[in-house]
Amino acid sequence: HAPKIEERVFLLPEETKVIQEEDTKIEGAANFVIVKEDHTIGNPLRCQLLRDPHVLFAGYRLPHPLEMKMVIKIQTKNTSTPQLALLDAINALKTEFKYLDKEFAQAVDTFREQESQMAMDY
């Protein structure tokens, strides 16, 4: 019984996108439960977190295929916090995705121009 597509994508009024859970066993670590997300954002977010020199550990898991949530664990040095590392990683990814979108659009425009030029040559 897989949930309907609307239930897997859109937040319901009573849902919160991100819930922080303190990790009581590891100093400088926290778990963030992010609902309605999966590997599509989990892996890029993990990779971006690992680029941060203040981050000691970053990993994520999907507790169950039918649960539409991702749990990401972040451990930082005492010079930062997991919350700050997560916000920095999200902002860096937003910047990177905007750049990729712009470059892709330019490449598509260039391709179309070349295609129309080739069509005129025939």
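What counts, and where the lines are drawn
- Residues numbered from 1 in each chain as written.
- Predicted model: local features only at pLDDT ≥ 70, side-chain atom pairs only at ≥ 80, totals over all residues.
- Heavy atoms only, no water.
- pLDDT = per-residue confidence, 0-100.
- Helix = DSSP H or I, 4+ residues; strand = E, 2+ residues; numbered from the N terminus.
- Buried < 20%, exposed > 50% of the residue type's maximum accessible area, 1.4 Å probe, protein only.
- Pairing = 2+ DSSP bridges.
- Axes fitted to C-alpha atoms, helices over the stretch in contact; angles between N-to-C directions.
- Contact = heavy atoms within 4.5 Å.
- Salt bridge = Lys/Arg side-chain N within 4 Å of Asp/Glu carboxyl O.

1. Some details on the confidence of the model for the protein
In step 1: When the pLDDT values of the protein are averaged, the result is 92; 99% of them are 70 or greater.
In step 2: Highest mean pLDDT in the protein belongs to strand β3 (residues 55-61) (97); lowest belongs to helix α1 (residues 5-9) (78).

2. Concerning the pairing of strand β2 (residues 29-35)
In step 1: Judged by how many residues are buried, β2 sits mostly within the fold: 7 of 7 residues are covered.
In step 2: The pairing of strand β1 (residues 18-22) with β2 spans 5 bridges and is classified as antiparallel. Residue pairing across strands places Val18 opposite Ile34, the latter belonging to β2.
In step 3: A loop of 6 residues connects β1 with β2, the two strands running antiparallel in sequence, and Gly28 in this loop sits at a positive phi of about 75 degrees.
In step 4: Inspection of the sheet shows β2 paired to strand β4 (residues 69-76) by 7 bridges, in the antiparallel sense. Bridge pairing in β4 links Val33 to Val71.

3. Description of the sheet that holds β1
In step 1: Spatial strand order, β1-β2-β4-β3: 4 strands in an open sheet with antiparallel pairing. Only two strands of the sheet have a single partner each, and these edge strands are β1 and β3. If you compare each strand with its neighbour and ignore which way they point, the axes differ by 20 degrees on average.
In step 2: On top of the sheet, helix α2 (residues 39-51) reaches β2, β3 and β4; it is set at about 170 degrees to β3, its chief contact.

4. Looking at the pattern of salt bridges
In step 1: Within the structure shown, the criterion is met by 5 salt bridges.
In step 2: The salt bridge involving Lys73 is made with Asp23; its shortest N-O contact spans 2.2 Å. With Lys73 in strand β4 and Asp23 in the loop between β1 and β2, the pair connects residues that are 50 residues apart, well separated along the chain.
In step 3: Two residues, Arg51 and Glu96, come together in a salt bridge whose shortest N-O distance is 3.3 Å. Pair noted here: Arg51 is in helix α2 and Glu96 is in helix α3 (residues 82-121), with a separation of 45 residues, a long-range link.
In step 4: Accessibility expressed as a relative area gives 53% for Arg51, which makes it exposed.

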